[in-house]
Amino acid sequence: MVKNIAIGTGRRKTAVARVFLRDGNGKIVVNGKELKEYFVSEEQVRVVVQPLLVTSNENKFDVLINVSGGGLTGQAAACLHGLSRALLQVDPNARTSLKANGFLTRDSRMVERKKYGQRGARRRFQFSKR
C-alpha cells in the first residue's frame, strides 16, 4: 500500500485536478499515463513540472494526478495549481517561491457566456441598415 504524503486540488476554467504526492524518484502519472504521453505538447509538460523545479523537488516525489474537464491546456494549468498546493502541505517554507511565481493563485478567468440575440459572447449578427 502506497501512502500519500499530501493531496492538492487545482482548478482552471472547467478543469479540476486532484494531485497526490508520494515518496519516490520523480515519476509523474496523469490519468494512468506517463506525463509526456498524456500532455503531448512540450509547453504543457513544462507547465506541470514548474512547481517541482521552483522548489527543487524534481526527484524527491512521485506524483499521481487525476484530472477531468476542460481541454489539455486548462488541465495542465489545473495540475500546476494542484501540485503547488500539495507541495505547500509537505514544505510550508516553499510558500514564498511558489507565491512569487503565482502558482498558488487560482486563475479566475472563465469563458464568458453567450448572450441571446448574438452569435457569441460579444460577436453580434451582421447589422443591415436596409
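In the block above lies the structure referred to throughout.
This is a predicted model, so every value here is computed, not measured.

Asker: So what about the pattern of salt bridges? Which residues, and what values?
Answerer: Here the structure, examined in full by the defined rule, presents four salt bridges. The partner of Arg109 in a salt bridge is Asp107, with the nearest N and O atoms 2.8 Å apart. You can call Arg109 exposed: its relative accessible area is 56%. We note a salt bridge from Glu112 to Lys115, for which the minimum N-O separation is 2.6 Å. Its relative accessible area of 24% is what places Lys115 among the partly exposed residues. Here the salt bridges share partners, and the residues they tie into one network are Arg12, Asp107 and Arg109.

Asker: Residue-level account of the packing of aromatic side chains, with values.
Answerer: Aromatic ring pairs: the centre-centre distance and the angle between the two ring planes describe each pair. Taken as a whole, this structure holds one aromatic pair when the rule is applied. For the pair Tyr38 and Phe39, a centre-to-centre distance of 5.0 Å together with 90° between the ring planes defines the contact as edge-to-face. Taken as a pair, Tyr38 and Phe39 share a single burial class, namely buried.

Asker: Could you give me a rundown of the pairing of strand β1 (residues 4-12), with the residues and numbers involved?
Answerer: Judged from the eight bridges that link them, β1 and strand β2 (residues 15-23) form a sheet pairing that is antiparallel. Note that in β2 the partner of Arg11 across the bridge is Val16. Between the end of β1 and the start of β2, which pair antiparallel, lie two residues, with Lys13 showing a positive phi angle near 55°.

Asker: So, the pairing of β2: which residues are in play, and what are the values?
Answerer: Bridge count between β2 and strand β5 (residues 61-68): eight bridges; the pairing is antiparallel. Bridge pairing in β5 links Asp23 to Phe61.

Criteria and thresholds
Residues numbered from 1 in each chain as written. Predicted model: local features only at pLDDT ≥ 70, side-chain atom pairs only at ≥ 80, totals over all residues. Heavy atoms only, no water. Salt bridge = Lys/Arg side-chain N within 4 Å of Asp/Glu carboxyl O. Buried < 20%, exposed > 50% of the residue type's maximum accessible area, 1.4 Å probe, protein only. Phe/Tyr/Trp six-rings, centres within 6.5 Å; stacked < 30°, edge-to-face > 60°. Pairing = 2+ DSSP bridges. Helix = DSSP H or I, 4+ residues; strand = E, 2+ residues; numbered from the N terminus.

Shape descriptors only; they carry no functional weight alone.
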